[in-house]
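Structural features, examined
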Amino acid sequence: MSDNKEDKKQIRVWCDGCYDMVHFGHANSLRQAKALGGVLIVGVHTDEEISKHKGPPVFTQEERYKMVRAIKWVDQVVEGAPYVTTLETLDKYQCDFCVHGDDITVTADGIDTYHLVKEAGRYREVNRTAGVSTTDLVGRMLLLTREHFKRGDKEYTVALEHSSNLGTDSTARSPYTGCSQFLPTTQKIIQFSNGLSPKPTDKVVYVAGAFDLFHVGHLDFLEAAHAHGDFLIVGLHTDLEVNRYKGSNYPIMNLHERVLSVLACKYVHEVVIGAPYSVTAELMDHFRVEVVCHGVTPIALDADGSDPYKVPKQRGCFKVLNSGNSMTTEDIVQRIIRHRLEFEERNSRKEKKEIAQMKSIQKEHIKQNGNCDFKAYSG
């Protein structure tokens, strides 16, 4: 048994991608890849390469490098990784094989970016996370509706309305740019969780917020909060609470999606799902919280007009942290809106390439096996 563990420790796994708007789908793919070996090396493409093959990324390459480094399963990030994965790249970083999700990734010329490692038998596949994609998140922002979070018996229905040429929902024409419903499970939360409790000697730090469209602003704040103690707990507000104090169509990601996004961060130890907006004495006593932190952004009052941080302020344990990063979720949404036509064109081009790739696969299958039992992709 110990020999098998030792063998696994020696296995070096390679993943690469754009990792734009680094969401829990990316994190889940990397979690699965890490489970196949002992060391996970992640290559991240440049803005130039992504623009050439897919269209403009939402996050800059520096933001994407930083976000991927903060995912708890990642051991090393390779900046500016080539868009087509080569055997030379695997050998350079001493990786045994490459891992990718079961979706199609092609170059601007329609070539499978993993064809070289597939032919060499150094490719493994993991399940793509249903219910989320960068394309889907971009679509939610452009829709400017509140249909992506529901209440009551519709609570788990995510982004099922059609969204024109963006094709972001389960009725979209492409099965890859299209996005099926995200169904949260306890198993998924367990997979993302550290499963650790604070030790009696640990100094527990608590922060709360929406943490919507998890980005480098959130990341820098959580790193700063983590530095104030040993065990960081993040309280996530409900969708309706976030909408109360932020308005418009916020949150873009629903509570269950935000939970996984935050849990994937290496600075976070635990998440309170649907935390009360006001930090109560009961909450602080239950988790033995010694420090409560908030960023420099304005603090909205609770629904009854009270200060949500009244209790930690009275206890003398409230800290305002300046992480040095002023990015907000609203900034990300504005990026999308400013470049709406570019992103719509990007998604349209991506879908066309996927259709061409599927037709190519269909022709090859018919050539080798005849037309039996092959479901043609009709578009």
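**Re the pairing of strand β9 (residues 289–294)**
Within β9, 5 of the 6 residues are buried, which leaves it mostly tucked inside the rest of the structure. Sheet analysis places strand β6 (residues 204–209) next to β9, joined by 4 bridges and oriented parallel. Looking at the pairing, Val-204 lines up with Val-289 of β9. With 3 bridges connecting them, β9 and strand β10 (residues 318–320) associate as parallel partners. Paired with His-294 across the strands is Val-320, a residue of β10.

**Comments concerning the pattern of salt bridges**
All chains considered together, the criterion is met by 14 salt bridges. Between Arg-69 and Glu-79 there is a salt bridge whose closest N-O contact spans 2.8 Å. You can see Arg-69 sitting in helix α4 (residues 61–69) and its partner Glu-79 sitting in strand β3 (residues 76–79), a full 10 residues away along the chain. Among the residues examined, Arg-69 registers a relative accessible area of 37% and is labelled partly exposed. You can call Glu-79 partly exposed: its relative accessible area is 41%. Linking Glu-241 and Arg-244 is a salt bridge whose minimum nitrogen-to-oxygen distance equals 2.4 Å. One end of the pair is Glu-241 and the other is Arg-244, both in helix α10 (residues 239–246) and 3 residues apart, which spans about a single turn.

**Things to note about the state of the cysteines**
Here a disulfide denotes a covalent bond joining the sulfur atom of one cysteine to the sulfur atom of another. The tally for this structure, following the rule as stated, stands at 0 disulfides. Sulfur of Cys-317: no disulfide; nearest cysteine sulfur belongs to Cys-293 and is 9.2 Å away. Judged by its relative accessible area of 11%, Cys-317 falls in the buried class.

**Some remarks on unusual backbone geometry**
Each neighbour pair has its own omega, and for Tyr-250 with Pro-251 the value is 0°, a cis peptide bond. Looking at the secondary structure, you find Pro-251 in the loop between α10 and α11 (255–263). Unusually for a residue other than glycine, Gln-94 sits at a positive phi of about 55°. The residue Gln-94 is located in the loop between α5 (87–92) and β4 (97–101) in this model. Located in the positive-phi region is Phe-211, a residue other than glycine, with phi close to 50°.

Rules used throughout
Residues numbered from 1 in each chain as written. Predicted model: local features only at pLDDT ≥ 70, side-chain atom pairs only at ≥ 80, totals over all residues. Heavy atoms only, no water. Buried < 20%, exposed > 50% of the residue type's maximum accessible area, 1.4 Å probe, protein only. Helix = DSSP H or I, 4+ residues; strand = E, 2+ residues; numbered from the N terminus. Pairing = 2+ DSSP bridges. Salt bridge = Lys/Arg side-chain N within 4 Å of Asp/Glu carboxyl O. Disulfide = S-S within 2.5 Å.

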